[in-house]
There are 4 protein chains.
Amino acid sequence: MFIKIDFTSDMPIYEQIKNQIIEAVARGELQNGDSLPSIRDLASEIGVNMHTVAKAYNELKDMGLIAINKKHGAYIAVSKGYNKEFLNEIIEEVTPIVAKAICKGMNKNELIRLIETIFDSFGGREDG
Amino acid sequence: MFIKIDFTSDMPIYEQIKNQIIEAVARGELQNGDSLPSIRDLASEIGVNMHTVAKAYNELKDMGLIAINKKHGAYIAVSKGYNKEFLNEIIEEVTPIVAKAICKGMNKNELIRLIETIFDSFGGREDG
Amino acid sequence: MFIKIDFTSDMPIYEQIKNQIIEAVARGELQNGDSLPSIRDLASEIGVNMHTVAKAYNELKDMGLIAINKKHGAYIAVSKGYNKEFLNEIIEEVTPIVAKAICKGMNKNELIRLIETIFDSFGGREDG
Amino acid sequence: MFIKIDFTSDMPIYEQIKNQIIEAVARGELQNGDSLPSIRDLASEIGVNMHTVAKAYNELKDMGLIAINKKHGAYIAVSKGYNKEFLNEIIEEVTPIVAKAICKGMNKNELIRLIETIFDSFGGREDG
DNA sequence: GTGGTCTAGACCACC
DNA sequence: GTGGTCTAGACCACC
């Protein structure tokens, strides 16, 4: 599996797992129906506790990216379409970053180009 | 002072303080030389511990937004210009957000327009 | 057969089977004497383990909705009339839902109208 | 504190805790701003593990009934107003119960009267 | 003092 | 074999 944990990071392990799976889906490496390793397998592979992986998987389920069942374990099941709440979440997360960039003298074009570069790094996939 | 803490939020209080000062600078409401309230005053005004305000101020100093000295207390002192480290920090913070947006089916134009709207909400200031 | 399993759901499969049969009886689609598919057939049709279907059938038998025998297999055999135990079961199931609705600001009329709509969706059958 | 756990119940402990707090809010016994015992205090009082209480509190936070912060611990903070998702959740929970009642020969008036009785048992509070 | 994260390990329901 | 629940206990961030 493709998960790489930085144990020295301030970011909680479960969030690192979550983010890396989100990014693999964004890149198209993981597609609808693709199965994720079982909680216990992934936990032992990356050397963390079962509960840590379970927390990551459950948050991915809550955000509508995977489904979990006892028969097949966890697999990608993206529920596309964002609502107002999701948009507000994105805005709240992005706003302080934009403010920081402005303070440091970054102009709008530079910021846009940076975002575009990041977006394109996921392969420009706009379908599912 | 203009700081409003949401005690309901998951975001740590010191980070809320930090972000609101960053955003005030980005908006141009706080400019170089403007003084911030003393740690003690701000702490008592918003009803939090002095340590909490001190932590926010110290991180603002570390990121080159304010200066602190015994004589004048804390005041805005923006060191413009970003290095590679700063850029990497921005990239690391933005990447998981962009990935999430892609997963939910947001396309590049929608994302760019969202970022532009947020940028413009700070007054489009690209100077100091 | 009319059973549709949502493998994405948190609801156990045996309970989904059970509920869909209960709802078919409530709608009048299944009537006394109508036979259900054999455990083996239903299991293979919906792609689940035989134990899972057997558990659903056994709970339906326990609640007095179906009968099972070697000769005819499983068939609808509704024992109408509810005792105090059944009433208490309903009350225990409904109470937390009503409490949740009240917390979220739903008033009595709104709740009653919702229940009526659901009731009527079964065809308003009040006989057997 | 008012929480009573039935350790023989099939219902998970964290859900019993959650339901009893929801019901206390519905009854008006707990009002906005009222503080809940700390996770560890409640855990030791009812004789369960800290994590079990934490899970209940976190789900209450997710459904918008309480707020949690490190200074004041958990306290009631009801976000009134239900959206379409909440309504669908209620409908999905109530539908199998209504179906069961119909199968057992309960008519619409009997069911409505039962729901009304349960609703009124919370004090008929329709304000916050 | 408060919740958040994480561990190691157990038992259980569902499949 | 899978995830879900629960325990007992640790360390940490925030306050």
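Heads up: the structure comes first, above all this text.
Quantities reported herein were computed from a predicted structural model and do not represent experimental measurements.

Caption draft 1: Geometry of helix α5 (residues 108–121) of chain A. For α5 of chain A, spanning 14 residues, the distance from its first C-alpha to its last is 20 Å, which sits close to the expected 20 Å at 1.5 Å a residue. Taken together, the buried positions of α5 of chain A are occupied by Leu111, Ile112, Leu114, Ile115, Ile118 and Phe119 of chain A. Buried residues of α5 of chain A, seen end-on, are gathered within an arc of 160 degrees and therefore sit on one face of the element. The exposed set on the far side of α5 of chain A, more than 90 degrees from its buried face, consists of Asn109, Arg113, Thr117 and Ser121 of chain A. Buried positions along α5 of chain A lie against α4 (84–103) of chain A together with α4 (84–103) and α5 (108–120) of chain B. Where α5 of chain A begins, the capping side chain belongs to Asn107 of chain A, and its oxygen is found 3.1 Å from the backbone nitrogen of Asn109 of chain A. Following α5 of chain A by one or two positions, Gly123 of chain A adopts a phi angle in the positive range, close to 100 degrees.

Caption draft 2: View of the protein's contact with DNA strand E. Lining the immediate environment of DNA strand E, one finds 24 residues, of which Ile13, His51 and Lys55 of chain A, Lys55 of chain C together with His51 of chain D sit closest. For DNA strand E, the backbone portion of the atoms within 4 Å of the protein, that is sugar and phosphate, comes to 67%. One nitrogen or oxygen atom from the side chain of Lys55 of chain A is found 2.4 Å from a phosphate oxygen belonging to DNA strand E. A distance of 2.9 Å is found between a phosphate oxygen of DNA strand E and a backbone nitrogen or oxygen belonging to Ile13 of chain C. Elements with a contribution of two residues or more to the surface near DNA strand E: α1 (13–27) and α3 (50–62) of chain A, α1 (13–27) and α3 (50–62) of chain C together with α2 (39–46) and α3 (50–62) of chain D. Per-element accounting of the surface near DNA strand E gives the leading share, four residues, to α3 of chain A. For the surface near DNA strand E, a count of residues per class yields 11 nonpolar, seven polar and six charged.

Conventions and cut-offs
Residues numbered from 1 in each chain as written. Chains lettered and ligands numbered in written order. Predicted model: local features only at pLDDT ≥ 70, side-chain atom pairs only at ≥ 80, totals over all residues. Heavy atoms only, no water. Helix = DSSP H or I, 4+ residues; strand = E, 2+ residues; numbered from the N terminus. Expected span 1.5 Å × (residues − 1). Buried < 20%, exposed > 50% of the residue type's maximum accessible area, 1.4 Å probe, protein only. Arc of directions from axis to C-beta. Contact = heavy atoms within 4.5 Å. Polar contact = N/O pair within 3.5 Å; in protein donor to acceptor, adjacent residues only side chain to side chain. Near = heavy atom within 4 Å. Nonpolar A, V, L, I, M, F, W, Y, C, P; charged D, E, K, R; others polar.

Functional significance is not addressed by these values, which are geometric in nature.
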